[in-house]
Amino acid sequence: MNQWSARWYEFVKKRSHFALWSTFIKWIVLGSVVGFLSGTASAFFLKSLDYVTDVRLEHPWLLYLLPLGGVLVSFLYMRYGKNSAKGNNLILEQIQDGNETIPLRMAPLVLFGTLVTHLFGGSAGREGTAVQMGGSLAEWFGKLIKISPLDRKILLMCGISGGFGSIFGTPLAGTLFGLEVVTIGLISQRALLPCFVASFVGDLVTTRFWGVHHTHYVVNEFPALSLMIILKVVLASVIFGIVSMLFSELTHFLKRTFTAMISNPMIKGAVGGLIIIALVFLVGSRDYLGLGIPLIKDSFEGDVSPFAFLWKLIFTAFTLGTGFQGGEVTPLFAIGATLGNALAGILHVYGPFLAALGFIAVFCGATSTPIACFLMGIELFGSEGAVYMFIACVVSYLFSGHSSIYTSQLIGVSKSQLIPIPQGTRISNVKRPRKK
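Since the structure is predicted, the reported quantities are computational estimates derived from the model, not experimental observations.

## Quick look at the overall build of the chain
Working step 1: Along its length, the chain carries 16 helices and 3 strands.
Working step 2: Here the C-alpha atoms of the chain give a radius of gyration of 22 Å, agreeing with the 22 Å that 2.2 N^0.38 yields for 436 residues.
Working step 3: Projected onto the principal axes, the alpha-carbon positions of the chain cover approximately 85 × 60 × 55 Å.
Working step 4: The buried share among the 436 residues of the chain stands at 58%.

Set out below in structure tokens:
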């Protein structure tokens, strides 16, 4: 190598590292900003959610105002929501080369709508709210700094990760969730650093800066590794996957059915509230209202009704299927934990152990995000049962089929070679292809 070539090589080498450092610093800064915004929004939401839940528990009569709550939420989305009504699906579509704008109004709308749902007793979660707030705030910030179209997609993924990681206190799971949820089977490593920074900072801001504490669940022991235990875990995980598919399909079916039967969203919301009230009287219990955290705690600390998972599934599907706002993930945690607890008696294994596997596996099947759910298991329950958690997530991922709570997810890779699905097909079009 002559002297000129050596100098040129050193120049390119230094320039390359300069570019890498520039990219590194850029996404540390941008990811941190999105993380701070998402974490702050999540902290306010979590404290508000605790408050309205306490109010509901202190005043049981508020349940009878649920139909009016449905009318109010539906009216606000009709009047001001516009494309915000798409929820999480709007954010996914914009990451996948969408040409719509995510309005900043999405954040306050979904926040208020979710709080109304929980105040009056609807069965819903919190992840959808956190993700939508994170996504809309990331979009607003991107417009403010005039970010490029490619960087906009990464920033929106940061919004998902920041919202998810901060709402559950799981920064690693939040990172991978933002990467995995967009396209089933494919991960964009370009967004790995930005999503991690957003999720990590979001969690720090929520817990350290704003002082919000997350609920913790304890599994005192994991069984020793053996063929029999593995077989039992696999069998339970198949059931977890099927139940997650049942939840997704029932929720989407109810949304389509009520929309077709009742054209006015406000009337649909009122009907949904009446149905939830009727279900409470039918079951004779209010245990299935709200997030379902008491159900999760009971699954780890004792026994629950064998059909608790089914009732929580039905309550949540009708709540979300009739237009109420909120996420699906925490109810999925409750469905999985109670189902795991019920199966533990049948399979003769330690209840909290199978509740922990159900906690992550049903969520995994409903979102097709196995790595994120595996990491969530480790963050929440420790690494001692890592092998079992991985098995549960992989098996549930497979047996949930090509269904999802997010109809705008793309399929990057089919879950089976025997089921040929073109790459880039949306979940909503797998069974109902669009007519040309």
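## Quick notes on helix H15 (residues 370-381)
Working step 1: The terminal C-alpha atoms of H15 lie 16 Å apart, and with 12 residues this matches the ideal 16 Å at 1.5 Å per residue to within 8%.
Working step 2: Those residues of H15 that fall on the buried side of the exposure criterion are Pro370, Ala372, Cys373, Phe374, Leu375, Met376, Gly377 and Phe381.
Working step 3: One or two residues past the end of H15 sits Gly382, with phi positive at roughly 90°.

## With respect to the side chain of Thr316
Working step 1: For Thr316, the position within the fold is in helix H12 (residues 308-321).
Working step 2: A distance of 2.8 Å separates a polar side-chain atom of Thr316 from the backbone oxygen of Lys312.
Working step 3: Ignoring anything within four residues of it in the chain, the contact list for Thr316 reads Ser123, Phe247 and Pro331.

## Focus on the environment of Gln132
Working step 1: Among the secondary structure elements, Gln132 is positioned in helix H5 (residues 127-144).
Working step 2: Distance in space between the C-alpha atoms of Gln132 and Ser84 is 9.0 Å, their sequence separation being 48 residues.

## Here we look at the nonpolar core
For soluble globular proteins, nonpolar side chains are generally found buried alongside one another.
Working step 1: The biggest cluster of nonpolar side chains holds 130 residues, and the ones touching the most others in it are Phe300, Leu354, Phe359 and Phe381.
Working step 2: The element that contributes the greatest number of residues to this core is helix H14 (residues 351-367), accounting for 12 residues.
Working step 3: Setting aside anything within four residues of it in sequence, one finds Phe381 in contact with Tyr217, Val219, Phe222, Phe300, Ala356, Phe359, Ile360 and Met389.

## Some thoughts on the environment of Thr322
Working step 1: Of note, Thr322 is situated in the loop between H12 and helix H13 (329-347).
Working step 2: Owing to a relative accessible area of 1%, Thr322 belongs among the buried residues under this scheme.
Working step 3: Considered as a pair, Thr322 and Phe258 are 64 residues apart in the sequence and their alpha carbons are 6.5 Å apart.
Working step 4: At 2.7 Å, the side chain of Thr322 forms a polar contact with the backbone oxygen of Phe318.
Working step 5: For Thr322, the side chain forms a polar contact with the main-chain oxygen of Thr319, separated by 3.3 Å.

## Quick word on the packing of helix H4 (residues 106-119) against H5
Working step 1: Interhelical geometry of H4 versus H5 gives an angle of 165° and a closest axis separation of 8 Å. Judged on the interaxial angle alone, H5 and H4 are roughly antiparallel. For the pair H4 and H5, the crossing hand works out as left-handed. Facing H4, whose interface residues are Met106, Ala107, Val110, Leu111 and Thr114, H5 presents Thr129, Gln132, Met133 and Ser136.
Working step 2: Taken together, the residues that form the contact of H4 with H5 break down as 5 nonpolar, 4 polar and no charged.

## Regarding the packing of aromatic side chains
Working step 1: Under the definition given, this model contains 22 aromatic pairs.
Working step 2: Between Phe359 and Phe381, the ring centres sit 5.5 Å apart and the planes meet at 90°, which makes this aromatic pair edge-to-face. Here Phe359, found in helix H14, pairs with Phe381, found in helix H15; they are 22 residues apart in sequence, far enough to count as distant.
Working step 3: Taken together through their ring pairs, the aromatic side chains of Phe164, Phe168, Phe177, Tyr217, Phe300, Phe333, Phe359, Phe363, Phe381 and Tyr406 make up a single cluster.
Working step 4: If you follow Lys415 out to its NZ or CZ, it ends over the ring of Tyr397, 4.2 Å from the centre.

## Structural notes on unusual backbone geometry
As a rule of thumb, non-glycine residues mostly have phi less than zero, and peptide bonds are mostly trans rather than cis.
Working step 1: Positive phi, close to 55°, is recorded for Lys146, a residue that is not glycine.
Working step 2: Tracing the backbone through its elements, the reader meets Lys146 in the loop between H5 and helix H6 (149-168).
Working step 3: Of note in this structure, Ser368 is not a glycine but carries a positive phi near 55°.
Working step 4: Along the chain, the position of Ser368 falls in the loop between H14 and H15.
Working step 5: On the basis of relative accessible area, Ser368 is assigned to the buried category, the value being 2%.

## A word on the confidence of the model for the chain
Working step 1: For the chain, per-residue confidence averages 92 on the pLDDT scale, and residues scoring 70 or more make up 94% of the total.
Working step 2: Of all the helices and strands in the chain, helix H1 (residues 3-58) carries the lowest mean pLDDT, 83, while helix H16 (residues 386-399) carries the highest, 97.

## Brief notes about H14
Working note: α-helix, 3.6 residues per turn, so residues spaced by three or four point in the same direction.
Working step 1: Look at H14: 24 Å from first C-alpha to last across 17 residues, which is about the 24 Å you get at 1.5 Å a residue.
Working step 2: Judged by how many residues are buried, H14 sits mostly within the fold: 17 of 17 residues are covered.
Working step 3: Following H14 by one or two positions, Ser368 has its phi on the positive side, about 55°.

Reading the values: rules and limits
- Residues numbered from 1 in each chain as written.
- Predicted model: local features only at pLDDT ≥ 70, side-chain atom pairs only at ≥ 80, totals over all residues.
- Heavy atoms only, no water.
- Helix = DSSP H or I, 4+ residues; strand = E, 2+ residues; numbered from the N terminus.
- Rg over C-alpha atoms; globule rule 2.2 N^0.38 Å.
- Buried < 20%, exposed > 50% of the residue type's maximum accessible area, 1.4 Å probe, protein only.
- Expected span 1.5 Å × (residues − 1).
- Polar contact = N/O pair within 3.5 Å; in protein donor to acceptor, adjacent residues only side chain to side chain.
- Contact = heavy atoms within 4.5 Å.
- Core = buried A, V, L, I, M, F, W, Y, C linked by side-chain atoms within 4.5 Å.
- Axes fitted to C-alpha atoms, helices over the stretch in contact; angles between N-to-C directions.
- Parallel < 35°, antiparallel > 145°, perpendicular 65-115°, else oblique.
- Left-handed = near helix turned anticlockwise from the far one by under 90°.
- Nonpolar A, V, L, I, M, F, W, Y, C, P; charged D, E, K, R; others polar.
- Phe/Tyr/Trp six-rings, centres within 6.5 Å; stacked < 30°, edge-to-face > 60°.
- Lys NZ or Arg CZ within 6 Å of the ring centre and 35° of its normal.
- pLDDT = per-residue confidence, 0-100.

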